[in-house]
Amino acid sequence: MEIYIHIPFCEKKCNYCDFLSGPADPKVRQLYVNALVNEIRERAAKIGRGEKVTTIYFGGGTPSILETEQTGAILATLFEEFDVTDDAEITIEVNPKSAGGKLQFLRGVGFNRVSIGMQSAHAEELELLGRIHTHDDFLKCFWGAREAGFNNISVDIMTAIPGQTEEMLAETVNTVLRLSPEHISAYSLMIEKGTPFYERFGETEGPVVGEETERRLYWMTVDMLKSHGYRHYEISNFAKPDFESRHNMGYWKREHYLGMGLGASSCMPEDGAEVRSRNTTSIEAYLKDPLAREESSILTRDEMIEETVYLGLRMMDGVDTDDFQKKFGVTLRSLYGDTIDDLSAQGLVYEGSSSLSLTDMGIDYGNHVFAQFLR
Ligand code: SF4
């Protein structure tokens, strides 16, 4: 199984962000770490040490905002309470501003993968996005991670930023390519309700630059990264050979995951069923009772089938139809034959001998394709 740890703190909220995150004073952060350590112990006691843990991911928020001792204490508790495999992938997301000086320590306590939020190489774009770091901060952070011994670094960049020209995006991508990280995530900026960008850009959701421009910038990024040896393995993710994010792959392949921390989601076996749950999203409630759930439901077989298909289709290798048959005892075709035929005729999916995947056009119409598999 996989473990996700949510650290919901950031120095300042970015202008586009609708994640469960925000500023908090050091006292609250310490109370949160205490509650999180309690949650880890209590959940471990409930679950037992049956399943081996193959990946751990500290996300947020900005996990690097914590003091090193706090991060170290959380990770040490996970090692104590769970059966973490020797070759587990252990990732921490860092902000270039707050990671400085902490990377050596993080490598030393057991993190072996670092994910750095770069977003853009341009000062004006970083400012528009409301990021707290400069491009120089990012470069220092990247080289600091290398010096600390991280040989698995992921860099996040953003496309479809308002005002972003092809030249500007090319410069950002080329800057990353020169650094040669093992993994790159490239997400298009989408406007989400409740963010400063939502007010600023006319209260509509989706890509602020328009669909056509967003797609053009997306494919330009894909082409540049692929031509430099990065495998396009998921709609927004690229990796050198063998450096795909194991944690995210597990999620898209529907492995069990246990999320801990504010608002973290889990999908775990319980009494022979598969239970999807989400922790409380209220920090007050979480500090009082870190086991408080906001929701919890048993997944039906239909829900598991739907998820297997639409999460699987996010990966360029697609849904493994042999695996599907082993898991559900029926073929994908027997359930979705007409849908697959229709989508194939429209050029949106490709049916191989043991897989079903999106075509390039299918990637552009991903949401439409996924919706066809909802039963
Ligand atoms: S650093 Fe990340 S989580 Fe925090 S506000 Fe910015 S985008 Fe959101």
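Residues numbered from 1 in each chain as written. Predicted model: local features only at pLDDT ≥ 70, side-chain atom pairs only at ≥ 80, totals over all residues. Heavy atoms only, no water.

## Considerations on the nonpolar core
No. 1: Core analysis: the biggest nonpolar cluster contains 89 residues, and Ile5, Ile74, Leu78 and Phe82 have the highest contact counts within it.
No. 2: Residue contributions to this core reach at least three from each of two domains, namely domain 1 (2-250) and domain 2 (302-375). (Core = buried A, V, L, I, M, F, W, Y, C linked by side-chain atoms within 4.5 Å. Buried < 20%, exposed > 50% of the residue type's maximum accessible area, 1.4 Å probe, protein only. Domains from an automatic or database assignment.)

## Brief notes about the layout of surface pockets
No. 1: A volume near 290 Å³ is recorded for the second largest pocket.
No. 2: Every residue lining the second largest pocket is counted, 15 residues in all, and those nearest its centre are Lys253, Met315, Gly318, Asp320 and Asp323.
No. 3: For the lining of the second largest pocket, the elements supplying multiple residues, two or more each, are helix H10 (246-252), helix H12 (301-312), strand E13 (319-320) and helix H13 (321-328).
No. 4: No other element matches H13, which puts three residues into the lining of the second largest pocket.
No. 5: In terms of residue class, the lining of the second largest pocket is made up of five nonpolar, four polar and six charged. (1 Å grid on protein atoms, 1.4 Å probe; cavity = no way out; pocket = protein on both sides within 12 Å on 5 of 7 lines; lining within 4 Å. Points joined across faces, edges and corners; volume = space filled by probe spheres on them. Helix = DSSP H or I, 4+ residues; strand = E, 2+ residues; numbered from the N terminus. Nonpolar A, V, L, I, M, F, W, Y, C, P; charged D, E, K, R; others polar.)

## Section: the domain arrangement of the protein chain
No. 1: Domain parsing of the protein chain yields domain 1 (2-250) and domain 2 (302-375).
No. 2: Placing a centre on the C-alpha atoms of domain 1 and another on those of domain 2 gives a separation of 28 Å.
No. 3: Counting residues at the interface gives ten residues for domain 1, matched by nine residues for domain 2.
No. 4: Taking both partners together, domain 1 and domain 2 bury about 860 Å²; carbon and sulfur atoms supply 57% of that area.
No. 5: Of all residues in domain 1, Trp219, Glu234 and Ile235 give up the largest surface area on contact with domain 2, accounting jointly for 52% of the area buried on that side.
No. 6: Summed over the shared surface of domain 1 and domain 2, the result is three salt bridges.
No. 7: Between Glu234 and Arg314 there is a salt bridge, and its shortest N-O distance comes to 2.7 Å.
No. 8: Run the count over domain 1 and domain 2 and you get six residue pairs in polar contact (both at pLDDT 80 or more).
No. 9: Listing elements by their share of the side of domain 1 that touches domain 2, those giving two or more residues are helix H9 (211-227) and strand E7 (231-234). (Contact = heavy atoms within 4.5 Å. Buried area = accessible area lost by both parts, 1.4 Å probe. Salt bridge = Lys/Arg side-chain N within 4 Å of Asp/Glu carboxyl O. Polar contact = N/O pair within 3.5 Å; in protein donor to acceptor, adjacent residues only side chain to side chain.)

## A closer look at the packing of aromatic side chains
A ring pair, where both rings are aromatic, is described by two values, the distance of the centres and the angle of the planes.
No. 1: All told, the structure shown has twelve aromatic pairs when counted by the stated rule.
No. 2: Residues Phe142 and Trp143 carry aromatic rings whose centres are separated by 5.3 Å and whose planes lie at 90° to one another, so their mutual orientation is edge-to-face.
No. 3: Phe142 gets classed as buried once you look at its relative accessible area, which sits at 0%.
No. 4: Relative accessible area serves as the criterion here: at 43%, Trp143 is assigned to the partly exposed category.
No. 5: Between Tyr251 and Tyr257 the ring centres are 5.6 Å apart and the planes differ by 70°, which places this aromatic pair in the edge-to-face class.
No. 6: Residue Tyr251 is classed as partly exposed on the basis of its relative accessible area, which comes to 38%.
No. 7: Relative accessible area serves as the criterion here: at 13%, Tyr257 is assigned to the buried category.
No. 8: Among the aromatic residues, those joined into a cluster by ring pairs are Phe9, Tyr32 and Tyr286. (Phe/Tyr/Trp six-rings, centres within 6.5 Å; stacked < 30°, edge-to-face > 60°.)

## Some points on empty space enclosed by the protein
No. 1: Enumeration according to the criterion identifies one cavity of 30 Å³ or more in this entry.
No. 2: Its boundaries defined by the atoms lining it, the largest cavity holds a volume of some 30 Å³.
No. 3: What lines the largest cavity is simply Tyr251, Arg254, Glu255, Tyr257, Cys267, Glu274, Arg276, Glu307 and Leu311.
No. 4: Looking at the lining of the largest cavity, the elements that each hand over two or more residues are strand E11 (273-279) and H12.
No. 5: The residue makeup of the lining of the largest cavity, split by class, is four nonpolar, no polar and five charged.

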